Amino acid sequence: RMFHWPEIAAAMAQAPKGQSLLNPFDTAKAADFNIWFVLIGLFGIVYGQLAFQGGHAFRSSAASAHEAKMGAILGNWRVISFNVMIALLAICAFTYLHSPDFAAGAARVQQQIKMIPGAQMQEQMTVPVALAFLLPPGIKGVFAAIIFFAAVSCDTSYMHSWGSIFIQDVILPFRKTKAFTPEQHIRLLRWSIVGVAVFAFSFSLLFQETEYILMYLNLVGAVFVAGAGCAIIGGLYWKKGTAPAAWAGMITGSSLALGGFAIQQAWKDTLAPALLHALARWQEHGGHLAVLQHYLMRHTAQFPMNGMVINFWAMFLAASTYAVVSLLTCKENFNMDRMLHRGPYAIEGASPPSAQRRLNWRGILGFDREFTRGDKFISGGLFAYSMFWFVVFVVMSLWYLIHPWPLGVWGTYWNIRNILLPVLIGIITTVWLTWGGTRDLIRFFRVLPQMKRNALDDGSVVNHHNVGEPPPPGPEAH
């Protein structure tokens, strides 16, 4: 009701040449959110699939493996409507600041922003401050409540995830055969979760904003994902992968990500001045590093590599380390059939392993005998939706390269693709997921008292099988 698409498109069209906010073929001069950001992001989606464990409880708490798979698929429909909210907030705030129709309000926003210390923090707070001025009373309060509860939900999920990861993946492996009692295990998990909360609070007091928050999120995510990605891919799909390689990959990825983060934090006030001073002393003694000196002088305010680029190198070098160490330490090919319950190790009643499926549409879409008609419709619909926009991407890219069209066409395209259609999908999925989520929550509380718990199943793996499960059938069992 406050903004119309023509004035939004007109405001975004004011971006300088080479930094277009509408034409993706005119972004060569974009400093951070450019083609490399997109390509690294695509690589990270594949490399880090299910590796980021901030939401691991959502993935591991389903009633079955099939329900976990369907939950992930439904989550993709949810993301479509989630992204349109973020996009609308950003482009409306941008329009408020750059359209002549809102000049008076934009002046008040700029005055408020100037009171914030630090150039990077000022830029980071531009949209929040603009929203504080443009949203009417009531709506502003509802929005603040949504953000507050979203933050609480995110923080509790992360505390639970990383607290339990520390106990399960760091403490338990060192215990080997000496297991905790259930009471000891729960107590350790609780203290670990409290420890994560204390660490996050302390870290927030010391952290300095040096770049866009999305860059920061990709960098800190790489602390775990850069090494976990190669361990997951290598462990599940390569028979020569070894445990030493997984450790080497994790250490490499984490060290590079943490090192990059530390350099960013200390660059402006400590590292850049120290390097410039050292180069000046070197030149006094006849050294010739003027090119490097000029390069550093252009980047004294910020480290030359942003969080996304450091993230890529952490992933690439972690994967390379994993491959090299695996080849050096693999003395015998790992029994993948035993780990994945295939062939003679198959569990009675389980779905056929994916490796034994035929190459057809059912196999490509991942359909097995557990998929109901509704599951197939939901999963197939998402696949068709994604493939449709992939075809549109290819056709429009080729068309534009042959015959470029004016900026207004791009504005219309993004309005349909990123605003109108996602809003329509959001209306449908909001009703759909609210009804389905309420129904499943009722089912959950009905089933919970009847659950049979196995005290031995603490997540430990001994001799290549879960402690809480009987040894799988197969040659070794006899």
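Residues numbered from 1 in each chain as written. Predicted model: local features only at pLDDT ≥ 70, side-chain atom pairs only at ≥ 80, totals over all residues. Heavy atoms only, no water.

Draft legend 1. Summary view of the pattern of salt bridges. Within this structure, the stated rule accounts for two salt bridges. The residue arginine 439 makes a salt bridge to aspartate 440 at a minimum N-O spacing of 3.2 Å. Here arginine 443 ties to aspartate 440 by a salt bridge, and the two come within 3.7 Å at their closest N and O atoms. Of the two residues, arginine 443 and aspartate 440 both sit in helix α17 (residues 407–447), three residues apart, roughly one turn of that helix. A single salt-bridge network, built from bridges that share partners, covers Arg439, Asp440 and Arg443. (Salt bridge = Lys/Arg side-chain N within 4 Å of Asp/Glu carboxyl O. Helix = DSSP H or I, 4+ residues; strand = E, 2+ residues; numbered from the N terminus.)

Draft legend 2. Broad picture of a nonpolar patch on the surface. Together, Phe25, Trp361, Ile364, Phe383, Met387, Phe390, Val391, Phe393, Val394, Val395, Leu398 and Leu401 line one region of the surface with nonpolar side chains, adding up to about 1,200 Å² of accessible area. Of all the secondary structure elements, the ones that give two or more residues to the nonpolar patch are α15 (361–365) and α16 (373–402). Sort the elements by how many residues they give to the nonpolar patch and α16 lands first, with nine residues. When you line up the elements, phenylalanine 383 lands in helix α16. By relative accessible area, phenylalanine 383 is classed as partly exposed at 31%. (Patch = residues over 30% accessible without salt bridge, like charges linked within 9 Å, V, L, I, M, F, W, Y side chains within 5 Å. Areas by Shrake-Rupley, 256 points an atom, 1.4 Å probe, with all protein chains shown as cover. Buried < 20%, exposed > 50% of the residue type's maximum accessible area, 1.4 Å probe, protein only.)

Draft legend 3. View of unusual backbone geometry. With a phi close to 65°, leucine 50 is a non-glycine residue in the positive phi region. With respect to the helices and strands, leucine 50 occurs in the loop between α2 (35–47) and α3 (56–60). Looking at leucine 50, the relative accessible area reads 47%, which means it is partly exposed.

Draft legend 4. Geometry of the packing of aromatic side chains. This structure, assessed with the given rule, holds 37 aromatic pairs. Pairing phenylalanine 33 with tyrosine 212 gives two aromatic rings, centres 5.3 Å apart and planes at 55°, and the pair type is tilted. With a gap of 179 residues between them, phenylalanine 33 in the loop between α1 (5–12) and α2 and tyrosine 212 in the loop between α9 (182–206) and α10 (213–237) connect regions that are remote in the sequence. With a relative accessible area of 25%, tyrosine 212 lands in the partly exposed category. Across from the ring centre of phenylalanine 82, 5.8 Å away, lies the NZ or CZ of arginine 78, which sits over that ring. Over the face of the ring belonging to tryptophan 389 we find arginine 417, whose NZ or CZ atom lies 4.5 Å from the ring centre. (Phe/Tyr/Trp six-rings, centres within 6.5 Å; stacked < 30°, edge-to-face > 60°. Lys NZ or Arg CZ within 6 Å of the ring centre and 35° of its normal.)

Draft legend 5. Summary view of the confidence of the model for the chain. Chain-level pLDDT for the chain is 86 on average; 93% of the residues reach the 70-or-more range. Strand β2 (residues 465–466) is the least confidently modelled element of the chain, averaging 70 in pLDDT, while helix α13 (residues 307–329) averages 94, the highest of any element. (pLDDT = per-residue confidence, 0-100.)

Draft legend 6. A look at the nonpolar core. Core analysis: the biggest nonpolar cluster contains 40 residues, and Phe3, Ile8, Trp77, Ile91, Val109, Leu134 and Trp410 have the highest contact counts within it. For this core, the secondary-structure elements that each account for two or more residues are α1, α4 (65–98), α5 (103–113), α7 (126–134), α16 and α17. It is α4 that provides the largest number of residues to this core, a total of 10 residues. In contact with valine 109, other than residues within four places in its own chain, are Tyr96, Leu97, Val129, Ala130 and Phe133. Among the nonpolar cores identified, the runner-up in size contains 26 residues, and Phe37, Leu296, Phe303 and Ala318 belong to it. (Core = buried A, V, L, I, M, F, W, Y, C linked by side-chain atoms within 4.5 Å. Contact = heavy atoms within 4.5 Å.)

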